[in-house]
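Next come the chains, spelled out residue by residue.
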Amino acid sequence: MGNDFEEFGFLDILTIFSVMLQIKGYQSDIRQVSNDDLMKELVKQDREYLGKILENQKLIISKLAELG
């Protein structure tokens, strides 16, 4: 039992490596999902703020028209 890797065959080592890559891919997918959710929320907020800005501009223009 000198070296533990002597007990593993080439295919066993490839299988272990494959599982490690799958775990890494899964972690990356989880981060991407959270990034996508964050981007959706930011786009939603941007649209809401843009709507408020446009409403305020219309109000300002109407007040200016009343003065002019």
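The structure we're discussing is the one just above.
Since we're looking at a predicted model, the values are computed, not measured.

It is not clear to me how the overall build of the protein should be interpreted in this structure. Could you clarify?
Per the secondary structure count, the protein includes 1 helix and 0 strands. For 68 residues, the compact-globule estimate of 2.2 N^0.38 gives 11 Å, and the protein exceeds it by more than 25% at 29 Å. Counting the 68 residues in the protein, one finds 0% classified as buried. Accessible surface, the protein: about 6,600 Å² in total, of which carbon and sulfur atoms supply 63%.

I'm lost on a nonpolar patch on the surface in this one. Help?
Judged by side-chain polarity, F8, I13, I16, F17, M20 and L21 come together as a nonpolar surface patch covering roughly 570 Å² of accessible area. By the element assignment, F17 lies in helix 1 (residues 10–67).

Even after reading the chapter, I still don't get the environment of G68, so can you show me in this structure?
On the secondary structure map, G68 appears in the segment after helix 1. Classification of G68 as exposed rests on a relative accessible area of 93%. Separated by 24 residues in sequence, G68 and K44 place their C-alpha atoms 36 Å apart.

For this particular structure, what's the right way to read the environment of L14?
If you trace the backbone, L14 turns up in helix 1. Placed 21 residues apart in sequence, L14 and N35 show a C-alpha to C-alpha distance of 31 Å.

What is the right way to read the environment of L11 from this model?
Following the sequence through the fold, L11 ends up in helix 1. A sequence separation of 43 residues divides L11 from L54, and the C-alpha atoms of the two residues are 63 Å apart.

Analysis parameters
- Throughout this description, residue numbers start from 1 for each chain and increase along the sequence as written.
- In keeping with the model being predicted, local features are shown solely for residues with a pLDDT of at least 70 and side-chain atom pairs are shown and tallied solely at 80 or more, while totals for entire chains, interfaces and linings include all residues.
- To obtain the side-chain values, all non-hydrogen atoms of the structure were used and water was disregarded.
- Under the scheme used here, helices are H or I runs from DSSP no shorter than 4 residues and strands are E runs no shorter than 2 residues, and both carry numbers assigned from the N terminus.
- In this description the radius of gyration comes from C-alpha coordinates, and the expected globular size is given by 2.2 Å times residues to the power 0.38.
- When a residue's accessible area, from a 1.4 Å probe over protein chains only, is under 20% of the maximum for its type it is buried; when over 50% it is exposed; and in between it is partly exposed.
- All accessible areas in this document rest on Shrake-Rupley with a 1.4 Å probe, and a residue is counted as covered only by the protein chains that are shown.
- Two joining distances apply to patches: 9 Å for like charges and 5 Å for nonpolar side chains (Val, Leu, Ile, Met, Phe, Trp, Tyr), and every residue must have over 30% relative accessible area and no salt bridge.
- When a carboxyl oxygen of Asp or Glu is within 4 Å of a side-chain nitrogen of Lys or Arg, the pair counts as a salt bridge.

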